[in-house]
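# Coordinate analysis (summary)
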2 protein chains.
Amino acid sequence: MITTPDNLPPEEIERRSFAIIRKELGKLTFPPDMLPVVTRVIHTTADFDYAHTLAFSDNAVAHGLAVLGEGRAIVTDTQMAAAGINKKACSHIGCSVYCLIADPGVAEAAKHGNCTRSRAAVDAAAERWPDGVYAVGNAPTALIRICELVDAGTLRPGLVVGAPVGFVNVVESKELLLAAGVPHIVARGRKGGSTVAAAIINALLYMIARPA
Amino acid sequence: MITTPDNLPPEEIERRSFAIIRKELGKLTFPPDMLPVVTRVIHTTADFDYAHTLAFSDNAVAHGLAVLGEGRAIVTDTQMAAAGINKKACSHIGCSVYCLIADPGVAEAAKHGNCTRSRAAVDAAAERWPDGVYAVGNAPTALIRICELVDAGTLRPGLVVGAPVGFVNVVESKELLLAAGVPHIVARGRKGGSTVAAAIINALLYMIARPA
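Note that the coordinates shown come from a computational prediction; the quantities given were computed from them, not determined experimentally.

## Observations concerning the pairing of strand β6 (residues 184-187) of chain B
Residue and element names in this part refer to chain B.
- Of the two faces of β6, the one carrying His184 and Val186 and the one carrying Ile185 and Ala187 are both buried.
- Note that strand β1 (residues 54-56) and β6 share three bridges and pair antiparallel. Within the sheet, the bridge partner assigned to Phe56 lies in β6 and is Ile185.
- Here strand β5 (residues 159-162) runs beside β6; their pairing, made up of three bridges, is parallel. Following the sheet pairing, Val160 is matched in β6 by His184.
- The parallel pair β5 and β6 is bridged by helix α10 (residues 170-178), and the resulting crossover is right-handed.

Written as structure tokens, this is what we have:
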């Protein structure tokens with residue numbers, strides 16, 4: 001039975017949701033810069049596992065806020081993650097979101113290179129935005145390629161959000177990122193997804209500005 | 001450490017993932033029509049809770065396959081869910097995907113009606129596609145409105161996928177759908193999301209045809 005009015009404005013629904021999440025987090029505490037990220041990911045998934053799996057490199061949030069504040073490009077591995085990032089907040093801050101997975105040149109490069117389109121899309125993005133913010137919500141092959149290019153010195157991302165989901169090379173790709181020596185926010189383990197990657201980016205954007 | 005080759009083709013990654021999922025489902029068994037839906041949702045989320053929370057009305061999969069096979073419109077509540085549905089499979093079968101949330105008319109109607117845009121978008125969609133397939137991955141207000149219109153007799157959806165996520169009115173909106181007397185596939189409880197809604201639709205589409 002619906003006991004809460006169903007015409008609450010979205011910001012009130014979010015406020016009540018965040019209050020429930022904070023209450024259910026109970027004694028689990030987080031540094032003040034990480035808390036909005038953890039809370040928004042749980043808000044997006046209704047999954048409290050993320051309170052235990054989200055991992056932040058030193059000052060990851062500060063790094064993220066700084067590079068987003070500079071208007072760096074945000075690059076995602078999926079159209080879904082791109083669709084989930086708040087465009088109004090991006091444009092207010094001066095960032096743009098890009099996903100090259102459907103580019104004809106990427107399909108061509110994947111075919112010639114005998115690799116996944118996700119991997120080829122990272123190569124194409126790295127050329128255009130070598131200092132971008134990279135958010136991976138689906139493809140471990142994208143995250144592995146990001147780590148290779150970081151290692152080779154051709155990609156110097158402002159932040160990498162590592163949240164691919166699944167069963168093959170997913171956990172391993174995240175462990176690579178944890179050791180890659182770049183600012184990162186990672187959803188360790190098998191879980192993640194485009195909604196999680198977008199939620200992490202949105203949490204950072206909203207810490208800078210949240211236009212109505 | 002990456003021990004599996006990271007240039008496996010996507011279909012091989014999916015095959016291996018599905019094998020892992022079936023193995024980990026262990027003694028949990030599902031009717032053959034539901035299994036591809038359950039497996040694909042777990043594949044999308046890496047969350048085995050869905051093996052326990054997915055609920056199907058009688059012959060929901062058969063209903064879904066029939067109406068999708070007729071080329072009925074697929075209506076989603078979010079751009080993310082729309083982005084996650086396989087357009088190649090849709091176009092092969094003759095379906096199109098619609099999300100009206102960003103329509104200027106919907107924003108106007110929400111403002112005048114003092115309701116969420118998600119709810120106003122259902123009203124607009126119901127006029128255009130009264131027999132469509134409705135997939136809700138985010139907004140309980142959308143799902144509540146669908147149930148109201150079904151009750152009023154103005155919406156006769158071919159199938160409703162109920163997978164909103166969150167903490168306010170989410171569980172309640174799904175219980176409404178379970179009692180609404182329309183063919184449905186529901187992710188009970190708080191969990192769900194645009195990826196889950198899209199995965200359920202994709203599972204059905206792939207049971208009809210999966211173009212390369």
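That covers the picture; the talk isn't over yet.
## What to know about helix α8 (residues 117-128) of chain A
Residue and element names in this part refer to chain A.
- Here α8 is twelve residues long and its end C-alpha atoms lie 17 Å apart, about the 16 Å a rise of 1.5 Å per residue gives.
- Listed in full, the buried residues belonging to α8 are Ser118, Arg119, Ala120, Ala121, Val122, Ala125 and Ala126.
- Contact partners of the buried residues in α8: β2 (74-76), α7 (104-113), β4 (133-136) and α9 (140-152).

## Considering the relation of the copies chain B and chain A
- Between chain B and chain A, the superposition needs a rotation of 180° and an axial shift of 0.0 Å, giving an RMSD of 0.0 Å. On this basis, the relationship between the two copies can be described by a two-fold rotation axis. The C-alpha atom lying nearest the rotation axis in chain B is that of B:Met80; the distance is 2.5 Å.
- Most of the interface of chain B is mirrored in chain A: 100% of its interface residues are interface residues there too.

## What to know about the environment of A:Ile21
- Looking at where A:Ile21 falls in the secondary structure, it is placed in helix α1 (residues 10-25).
- A relative accessible area of 0% places A:Ile21 in the buried class.
- In the structure, A:Ile21 is positioned 156 residues away from A:Leu177 in sequence and 28 Å away in space, judged by C-alpha atoms.
- Beyond its immediate sequence surroundings of up to four residues, A:Ile21 is in contact with A:Thr39, A:Ile42, A:His43, A:Phe48 and B:Phe167.

## Considerations on helix α9 (residues 140-152) of chain B
Residue and element names in this part refer to chain B.
- Spanning 13 residues, α9 covers 18 Å between terminal C-alpha atoms, matching the ideal 18 Å at 1.5 Å per step.
- With ten of 13 residues buried, α9 lies mostly within the body of the structure.
- For α9, every residue scored as buried is listed here: Pro140, Thr141, Ala142, Leu143, Ile144, Arg145, Ile146, Cys147, Leu149 and Val150.
- Contacts made by the buried residues of α9 are with α8 (117-128), β4 (133-136), β5 and α10.
- Positive backbone phi, at 85°, marks Gly153, one or two positions downstream of α9.

Scoring rules and cut-offs
Residues numbered from 1 in each chain as written. Chains lettered and ligands numbered in written order. Predicted model: local features only at pLDDT ≥ 70, side-chain atom pairs only at ≥ 80, totals over all residues. Heavy atoms only, no water. Buried < 20%, exposed > 50% of the residue type's maximum accessible area, 1.4 Å probe, protein only. Helix = DSSP H or I, 4+ residues; strand = E, 2+ residues; numbered from the N terminus. Pairing = 2+ DSSP bridges. Right-handed = clockwise from strand over helix to strand, strands pointing away. Expected span 1.5 Å × (residues − 1). Contact = heavy atoms within 4.5 Å. Least-squares fit on C-alpha atoms with pLDDT ≥ 70 in both.

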